Amino acid sequence: MTRIAVVGAAGRMGREVCRAALEERDIELVGGVVEPEAPELGADLGELCGAGWIGISATEDPPDNAEALIEFTTPEATVEHLSYRRPVVIGTTGLSEEQLQRVEAAAEAEPVVLAPNMSVGVSLVREVVRDLSEKLGAGYDIEVIEAHHRNKVDAPSGTAFLLAWAAAEGRGSDLDDVAVYGREGRAPRREGEIGIHALRGGAVVGEHRVVFYGVGEEVEVVHRALSRRTFATGSLRAARFVATAHQGLYSMRDVLGA
Ligand code: NAD
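Summary of the structure given here.

Parameters and conventions
- In this numbering scheme, every chain counts its residues from 1 along its sequence in written order.
- Only residues with pLDDT of 70 or above have their local features reported here, since the model is predicted, and side-chain atom pairs are shown and tallied only from 80 upward, although totals for entire chains, interfaces and linings are computed over all residues.
- By convention in this description, side-chain values take in all heavy atoms of the structure and omit both hydrogens and water.
- Each helix is a run of H or I in the DSSP string that is no shorter than four residues. Each strand is a run of E no shorter than two, and both are numbered from the N terminus.
- For this analysis, a polar contact is any N or O atom pair within 3.5 Å, provided that within protein one partner can donate a hydrogen and the other can accept it, and provided that sequence-adjacent residues contribute only side-chain to side-chain pairs.
- Contacts: residue pairs with any heavy atoms within 4.5 Å of one another.
- Here a cavity is any set of points on a 1 Å grid over the protein atoms alone where a 1.4 Å probe fits but cannot get out, and a pocket is any open set with protein on both sides within 12 Å along at least 5 of 7 lines; a residue lines the site when it has an atom within 4 Å of a point.
- Grid points are joined across faces, edges and corners, and a volume is the space filled by probe spheres set on the points.
- Side-chain classes follow a simple rule in which Ala, Val, Leu, Ile, Met, Phe, Trp, Tyr, Cys and Pro form the nonpolar group, Asp, Glu, Lys and Arg form the charged group, and the remainder, Gly included, forms the polar group.
- Here the nonpolar core consists of buried residues drawn from Ala, Val, Leu, Ile, Met, Phe, Trp, Tyr and Cys, with membership extended through side-chain atoms lying within 4.5 Å.
- Each residue is assigned to one of three classes by its accessible area relative to the maximum for its type, calculated with a 1.4 Å probe on protein chains only: buried under 20%, partly exposed between the two thresholds, exposed over 50%.
- Patch rule: a residue counts if its relative accessible area is over 30% and it has no salt bridge; like charges are joined within 9 Å, and nonpolar side chains (Val, Leu, Ile, Met, Phe, Trp, Tyr) within 5 Å.
- Using a 1.4 Å probe, accessible areas were evaluated by the Shrake-Rupley method; residue-level cover was limited to the displayed protein chains.
- Put simply, a salt bridge is a Lys or Arg side-chain nitrogen that is within 4 Å of an Asp or Glu carboxyl oxygen.
- Residues counted as positive are Lys and Arg, residues counted as negative are Asp and Glu, and His and the chain ends are not counted.
- One atom stands in for each charge, and that atom is NZ of Lys, CZ of Arg, CG of Asp or CD of Glu.

For the rest of this paragraph, the subject is the side chain of Thr-93. Within the secondary structure layout, Thr-93 lies in the loop between β5 (88-90) and α4 (97-106). Only 2.7 Å separates the side chain of Thr-93 from the side chain of Asp-154, close enough to count as a polar contact. Once residues within four sequence positions are removed from consideration, Thr-93 is found in contact with Pro-75, Pro-116, Lys-152, Asp-154 and Gly-158.

The subject of this paragraph is the layout of surface pockets. Estimated volume of the largest pocket: approximately 1,200 Å³. If you trace the largest pocket, you find 47 residues lining it, with Met-13, Phe-72, Thr-73, Thr-74 and Thr-92 closest to the centre. Secondary-structure elements contributing two or more residues to the lining of the largest pocket are α1 (12-23), α3 (75-80) and α6 (158-171). Its residues assigned to classes, the lining of the largest pocket shows 19 nonpolar, 19 polar and nine charged. The volume enclosed by the second largest pocket comes to roughly 860 Å³. Forming the boundary of the second largest pocket are 30 residues, of which Leu-100, Leu-114, Pro-116, Phe-161 and Trp-165 lie nearest the centre. Going through the elements one at a time, α4, α5 (120-136), α6, α7 (175-178), β12 (248-250) and α9 (252-256) are the ones with two or more residues in the lining of the second largest pocket. The leading source of residues in the lining of the second largest pocket is α6, at four residues.

Here we come to the nonpolar core. Residues Ile-4, Val-17, Ile-70, Val-89, Val-113 and Leu-236 are the most contacted members of the largest nonpolar core, which totals 35 residues. Sorting the residues of this core by element identifies β1 (2-7), α1, β2 (27-33), α2 (45-48), β4 (68-71), α8 (229-244) and α9 as the ones contributing at least two each. Here this core gets six residues from one element, more than from any other, and that element is α8. Dropping the residues within four chain positions of it, Val-113 is found in contact with Val-88, Val-89, Ile-90, Ala-238, Phe-241, Val-242, Tyr-250, Ser-251 and Val-255. Listed in part, the 19 residues of the second largest apolar core include Val-125, Val-144, Val-178 and Phe-212.

Attention now goes to a negative patch on the surface. Among the surface-exposed residues, Glu-97, Glu-104, Glu-108, Asp-174, Asp-176 and Asp-177 lie close enough to one another that they form a single negatively charged patch. Counting residues per element, the ones that place at least two in the negative patch are α4 and α7. With respect to the helices and strands, Glu-97 occurs in helix α4.

As structure tokens, then:
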């Protein structure tokens with residue numbers, strides 16, 4: 001049994017993780033953290049996520065008996081919550097370089113899983129993209145295209161970065177040197193460039209495409225998240241892992257043993 005608390009329990013992902021946790025036999029939901037001034041403070045966590053009353057209230061801080069925290073909030077809140085000093089699964093995306101360094105520093109003392117995409121499929125797609133990039137070689141132009149719902153704040157998505165890094169890695173290049181974010185005006189394609197494009201609208205849960213444009217063929221890898229449940233289930237898998245892991249920074253690849 002792994003006892004978890006969800007940080008950001010009133011958000012879209014937080015509610016989904018609570019709902020998923022209540023359905024798992026080997027996971028016990030012992031707490032949910034919401035913003036200090038949030039109207040959801042004190043609300044029943046089960047009612048908050050639509051699963052019915054469970055007798056556990058949303059609080060400002062996680063309870064002491066939580067063995068792992070699952071965090072889906074904002075980059076600022078995520079970094080602030082490192083002071084809880086607990087094993088944590090971080091699903092929040094859009095962290096700056098400096099914020100990532102603070103996560104790395106925290107991981108020297110506690111186990112941290114940092115996963116911009118918790119779905120099992122994306123972890124495998126990442127491997128496929130790296131392989132394709134390596135084997136197709138420099139004659140193919142790579143473009144990464146992602147689409148998300150209209151409320152998503154950060155762009156491009158953490159997953160688009162993950163896949164673009166994999167594509168760059170496959171070719172032995174550094175993404176920072178070859179990434180181009182959107183194109184406008186006079187913008188001819190440079191050799192080795194990796195284009196990254198973000199679409200926003202409606203209720204799209206998350207779509208990622210990596211296209212390898214050759215001269216006589218195109219290869220396209222697509223991942224579509226159909227519901228937030230896929231991320232929630234992945235985060236619970238990561239929570240089971242992190243609760244017993246040694247200190248250190250882990251990715252979904254470590255969790256899945258991939
Ligand atoms: P959301 O806006 O619906 O939820 C975020 C919640 O965090 C809000 O309820 C907000 O009140 C709460 N929050 C902010 N500051 C807080 C604090 N100090 N204490 C407690 N709660 C606080 O957003 P969302 O769609 O749930 O996404 C949250 C994050 O997760 C985003 O960064 C998103 O990109 C990311 N995400 C990651 C994955 C993944 O697989 N890793 C999947 C989906 C979304």
